[in-house]
Amino acid sequence: MLALLLAACDPQNISELEEGVSTEADVRERFGAPEAVWEGEDGAQIYEYNRQPAGHTNYMITIGPDGKMAALRQVLNARTFAQVQAGMPMETVRRMLGKPMKVTTYALKRETHYDWRYLEGASADTSKIFTVVFDPDLKVIRTMSTRDPDLDPGR
């Protein structure tokens, strides 16, 4: 329930922030503590704000070395998914897409699947699941997108 409330507030919070002007304190005031903090280029920090498993977004907000917000990106989209390539380590994918909504290990197949829920269009009925399949060394084998099974009644 909290995730849904946070996601509902995101458009308002985003509209109140401005790249190059808003500070780290402004970001934390509107979004709270980040799920994770990643080291970026040239001393920047990247704050991860995760809206999984109930939501359809993950935000990466870059705080520059000057303490100001340099970028705010919603990363669960086709452009970011296309950057996931075979052989890529899990940690790289995790930094690109944020924490997944679900991790499933298939011991007999020797695979681990990371799933993210996202919207392909503007409405909830376009909900899909993007899956990254990893080998036992946690390197990408393949990716796929499927219709969100939560859309099917009587599941």
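This text follows the structure it describes.
Right, let's walk through the structure included here.

Structural notes on the pairing of strand β3 (residues 58-63)
Of all 6 residues in β3, 6 are buried; the element is thus mostly enclosed. Burial along β3 is two-sided: Asn58, Met60 and Thr62 and Tyr59, Ile61 and Ile63, pointing in opposite directions, are all buried. Of the strand pairs in this sheet, strand β2 (residues 45-50) and β3 are connected by 6 bridges, and their pairing is antiparallel. Paired with Ile46 across the bridge in β3 is Thr62. Note: β3 against strand β4 (residues 69-74), 5 bridges, orientation antiparallel. Across the sheet, residue Ile61 finds its bridge partner in β4, namely Leu72. Where β3 hands over to β4, the hairpin turn is made up of 5 residues, of which Gly67 adopts a positive phi near 85°.

Focus: the layout of surface pockets
As a volume, the largest pocket reaches approximately 210 Å³. If you trace the largest pocket, you find it lined by Trp38, Ile46, Met60, Arg73, Gln74, Val75, Asn77, Arg79, Thr80, Gln83, Arg95 and Met96. Elements with a contribution of two residues or more to the lining of the largest pocket: β4, α3 (78-81) and α4 (90-97). Of the residues assigned to the lining of the largest pocket, the class counts are 5 nonpolar, 4 polar and 3 charged. In this structure, the second largest pocket spans a volume of roughly 160 Å³. Along its surface, the second largest pocket is lined by 14 residues, and Met101, Lys102, Asp115, Ile129 and Pro149 are the ones closest to its centre. Elements supplying a minimum of two residues to the lining of the second largest pocket: β5 (102-106), β6 (111-119) and β7 (127-134). Of the residues assigned to the lining of the second largest pocket, the class counts are 4 nonpolar, 4 polar and 6 charged.

What counts and how
Residues numbered from 1 in each chain as written. Predicted model: local features only at pLDDT ≥ 70, side-chain atom pairs only at ≥ 80, totals over all residues. Heavy atoms only, no water. Buried < 20%, exposed > 50% of the residue type's maximum accessible area, 1.4 Å probe, protein only. Helix = DSSP H or I, 4+ residues; strand = E, 2+ residues; numbered from the N terminus. Pairing = 2+ DSSP bridges. 1 Å grid on protein atoms, 1.4 Å probe; cavity = no way out; pocket = protein on both sides within 12 Å on 5 of 7 lines; lining within 4 Å. Points joined across faces, edges and corners; volume = space filled by probe spheres on them. Nonpolar A, V, L, I, M, F, W, Y, C, P; charged D, E, K, R; others polar.

Note that every value here comes from positions in space, so none of it alone points to a role or purpose.
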